[in-house]
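# Residue-level structure breakdown
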Amino acid sequence: MGTDTARTSPRAWLDGVNPVTKIVLALLLSVPLFASIDVTSALVAIVLQLACLPLTGLALMTVLKRMLPILLFAPVAGVSMLLYAEPGGTVYWSFWYATISDDSISLAIAVCLRVLALALPTILLFGRTDPTELADALAQVAKLPSRFVLGVLAGTRTLGLFLDDWRSMQLARRARGVGDTGAIRRFFSMAFVLLVFAVRRGTKLAMAMEARGFGSTIPRTWSRPSRLHPRDAVALLGGAVIMTIAIGAAVVAGTFRFVWS
């Protein structure tokens, strides 16, 4: 997904960070946010992460396009808090178990921002990561089994083929005059066909990889070495600083709200 972008644009600072470090950094930028449900920490985290956008090599419009599904999902996550959170302050509307109050509104906004703050690091960190480099890092740095790593890599490489198959089916149905009506029925029909393609392609790919020795238990060598560098420590330190500032801002502002309280 991010391979073409990485090849056609200048190398960014984050491109020199090991993919395993990116995984740890994504957890570092996400897990501490679960400690509190408040607007301040999530908003500060989002602002600081966007301030690091030049280091990723991604354009702002690219990030916004990839965040679009999250932007659509975030309000859905906040609706339950808006209606069913413990009421507090002024009550604006109430019906049976559903109540909208000052506390439920602030909590719903906090949850929406929390969803965005949790999704943004993944997009920024892995938007330009090459799947092959990720596989090299998982095998050599994280010491994961080579058979598992190669299977994940092969599956990742086929994602683009699914998109091509979907476009081809759309064009074929439209050419036959059956692609303009019944959108819901057409979607499920095409999804079933795509599932059949995926099973067949997965079976052939597994047999081909097994025939070429990818399933062997013999220790494997890697053509491209993957190592940790001082830049990885700087990246982790930067992530820790971002989370410290975000949580600290919530504590100073008096909005820190422990998740179990």
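Further up the page is the structure itself.
To keep things clear, this report deals only with the structure shown in the data block. (Residues numbered from 1 in each chain as written. Predicted model: local features only at pLDDT ≥ 70, side-chain atom pairs only at ≥ 80, totals over all residues. Heavy atoms only, no water.)

Turning to the overall build of the protein chain, a few remarks are in order. In terms of regular secondary structure, the protein chain is built from 11 helices and two strands. For the protein chain, the α and β elements follow one another from N to C terminus as α-α-α-α-α-β-β-α-α-α-α-α-α. Here the protein chain has a C-alpha radius of gyration of 23 Å; the compact-globule value for 261 residues is 18 Å, and the former is much larger. Projected onto the principal axes, the alpha-carbon positions of the protein chain cover approximately 65 × 55 × 35 Å. A total of 261 residues make up the protein chain; the buried ones form 34% of that total. Within the protein chain, residue pairs in contact and separated by at least 24 positions form 77% of the contacts whose partners lie at least 6 positions apart. Total accessible area on the protein chain stands at roughly 15,900 Å², and carbon and sulfur atoms take up 70% of it. Averaging the coordinates of the 25 positive side-chain charges in the protein chain and doing the same for the 14 negative ones gives two points 10 Å apart. (Helix = DSSP H or I, 4+ residues; strand = E, 2+ residues; numbered from the N terminus. Rg over C-alpha atoms; globule rule 2.2 N^0.38 Å. Buried < 20%, exposed > 50% of the residue type's maximum accessible area, 1.4 Å probe, protein only. Contact = heavy atoms within 4.5 Å. Areas by Shrake-Rupley, 256 points an atom, 1.4 Å probe, with all protein chains shown as cover. Lys, Arg positive; Asp, Glu negative; His and termini not counted. Charge placed at Lys NZ, Arg CZ, Asp CG, Glu CD.)

Let us now look at the pairing of strand 1 (residues 91-95). Pairing between strand 1 and strand 2 (residues 98-101): four bridges, direction antiparallel. Residue pairing across strands places W93 opposite I100, the latter belonging to strand 2. Following strand 1, the chain reverses through two residues before pairing antiparallel with strand 2; W96 in that reversal takes a positive phi of roughly 55°. (Pairing = 2+ DSSP bridges.)

Let's shift gears to a nonpolar patch on the surface. Nonpolar side chains collect at one region of the surface, where Y92, W93, F95, W96, Y97, I105 and I109 lie side by side and expose about 910 Å² of accessible area between them. When residues of the nonpolar patch are traced back to their parent elements, those giving at least two are strand 1 and helix 6 (102-126). If one sorts the elements of the nonpolar patch by residue count, strand 1 sits on top with three residues. Note on placement: I109 falls in helix 6. Looking at I109, the relative accessible area reads 43%, which means it is partly exposed. (Patch = residues over 30% accessible without salt bridge, like charges linked within 9 Å, V, L, I, M, F, W, Y side chains within 5 Å. Salt bridge = Lys/Arg side-chain N within 4 Å of Asp/Glu carboxyl O.)

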